Amino acid sequence: MKPSLEVPVSEGSPYPVYCGTAIEQFLPTVWDRDWRQAVIIGDSKTSALLGASVARSLGRLADSVLTLSFSAGEQNKTRQTKEALEDAMLQAGVERGCCVVAVGGGVALDLAGFVAATYLRGVAHIHIATSLLGQVDAAIGGKTGVNTPCGKNLIGAFHNPRAVLLATQCLSTLPEVELRYGMAECVKHAVVGSPPLLDAIESCPPDPPSDSIVLQSARVKVAVVARDEREQGLRRVLNFGHTVGHAIEAATGYLVPHGQAVAWGMLVEATLARERFGMPETDLERIRAVIGRLGLRRPAPCPFDRLSDHWLKDKKTQQGQVHCSLPCRIGVMADQANGWRTPVRMQMLRRAWEDVFK
Ligand SMILES: NC(=O)c1ccc[n+]([C@@H]2O[C@H](COP(=O)([O-])OP(=O)(O)OC[C@H]3O[C@@H](n4cnc5c(N)ncnc54)[C@H](O)[C@@H]3O)[C@@H](O)[C@H]2O)c1
């Protein structure tokens, strides 16, 4: 069975990405006969939905299958949860020649990937991505990690999966709001590198997106990480909408969910892009319309001063200038010479913010 995409990596062979393939078909296709032990890691929801069928498939491929799960939710993407998973694996005698099979959204993938990165100094892992955000973003690119009270994703490692399944058949059980958050990332990918994807999103119904949209979006991520595996430069373009988005999350004590914060962050940064790089008004209007259609509520009133306080405390802010990755038009990102990020004065950010939140 041919994968839909392949992700080249600096060390070793490219890893395959399958889309919409049944789990019981995917696992035997990618399973390495040397992996004698399988460890399934999912969150409480994805384990309840899929744990048993994944374990059945793996039972035909490995000598032993250990199923582990943790409570669903971003608040559990912690060192403590990682430690509990590792302890369970150590107690069960899981050895180096195992494979960790992560089943879930971005939280389960990041956490299980990080367990795999450090368990016995690194073991193989596979991603079965069940949320839209997991499929178009977290499953690809080898970033793994956990949050700490000081911030999100601060502890982690690059550790590429051996194979990825974008399990689009699972989207039917994903809560609608999670679909919208995932669609916000698809819009980001379209603006960053795929005008045809934006056309497709504009004409799709607001239900679970087609496999074609998931795949086109994942393809943008693959194209970027293939050229910049370790975030030395180009990978920064994926931060479009995130400078403002992260600040909204932090300034509201993480009460605004990530997908919603990034959607509004993109609106502010696209407005900034019009001012800084002359992004055409028609492009800005399309971005506004497509994000508007996602129906993600405007974040609760958050004065700009709270965001600027957040930025001024951030070590990355130099001489009162914040860095943003901005498009000059849909599909073309600006400032390659500057490592794909543009220093922006607080005053200019304030104007863009007020333009969006007037
Ligand atoms: N590693 C990366 O490159 C990368 C990129 C983007 C985001 N992320 C990370 O991803 C995380 C967010 O991912 P997320 O939005 O998928 O969150 P999530 O994993 O918490 O999933 C959202 C919710 O949907 C549930 N769920 C998942 N699949 C389901 C299904 N098929 N049916 C029913 N419920 C399902 C989960 O249990 C959870 O309650 C963040 O921690 C973020 O940092 C990582």
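My aim in this report is to walk through the structure given alongside it, one point at a time. (Residues numbered from 1 in each chain as written. Predicted model: local features only at pLDDT ≥ 70, side-chain atom pairs only at ≥ 80, totals over all residues. Heavy atoms only, no water.)

Around the ligand, a shell composed of 24 residues is seen, among which D43, E74, T130, S131 and T173 lie nearest. E74 has a polar side-chain atom sitting 2.7 Å from an oxygen atom of the ligand. Contacts to the ligand include K221, whose side-chain N or O atom sits 3.3 Å from an oxygen atom. For the ligand, whose accessible area on its own is 860 Å², the fraction buried by protein is 89%. Those elements that provide at least two residues to the shell around the ligand are α2 (44-59), α4 (106-118) and α5 (132-138). In terms of residue class, the shell around the ligand is made up of eight nonpolar, seven polar and nine charged. (Near = heavy atom within 4 Å. Polar contact = N/O pair within 3.5 Å; in protein donor to acceptor, adjacent residues only side chain to side chain. Areas by Shrake-Rupley, 256 points an atom, 1.4 Å probe, with all protein chains shown as cover. Helix = DSSP H or I, 4+ residues; strand = E, 2+ residues; numbered from the N terminus. Nonpolar A, V, L, I, M, F, W, Y, C, P; charged D, E, K, R; others polar.)

This part is about the pairing of strand β8 (residues 151-158). Relative to β8, strand β7 (residues 143-148) runs antiparallel, the two sharing five bridges. When the sheet's bridge partners are listed, K143 is paired in β8 with F158. Hairpin remark: β7 followed by β8, antiparallel, with two residues in the connecting loop. (Pairing = 2+ DSSP bridges.)

This brings us to the packing of aromatic side chains. A ring pair, where both rings are aromatic, is described by two values, the distance of the centres and the angle of the planes. In the structure shown here, the tally under the stated rule is six aromatic pairs. Ring centres of Y18 and F26 lie 5.7 Å apart, and the angle between their planes is 70 degrees; this geometry places the pair in the edge-to-face category. For the pair formed by Y18 and F26, the shared burial category is buried. When the centroid spacing of 4.2 Å and the interplanar angle of 35 degrees are considered together, the rings of W353 and F357 count as tilted. Per residue, the accessibility class of W353 equals that of F357, and both read buried. Taken together, the ring pairs connect W264, F304, W311, W353 and F357 into an aromatic cluster. Cation over ring: K82 sits above F114, and NZ or CZ is 4.2 Å from the ring centre. The ring of F277 has R276 sitting right over it, with the charged end atom 5.2 Å from the ring centre. (Phe/Tyr/Trp six-rings, centres within 6.5 Å; stacked < 30°, edge-to-face > 60°. Buried < 20%, exposed > 50% of the residue type's maximum accessible area, 1.4 Å probe, protein only. Lys NZ or Arg CZ within 6 Å of the ring centre and 35° of its normal.)

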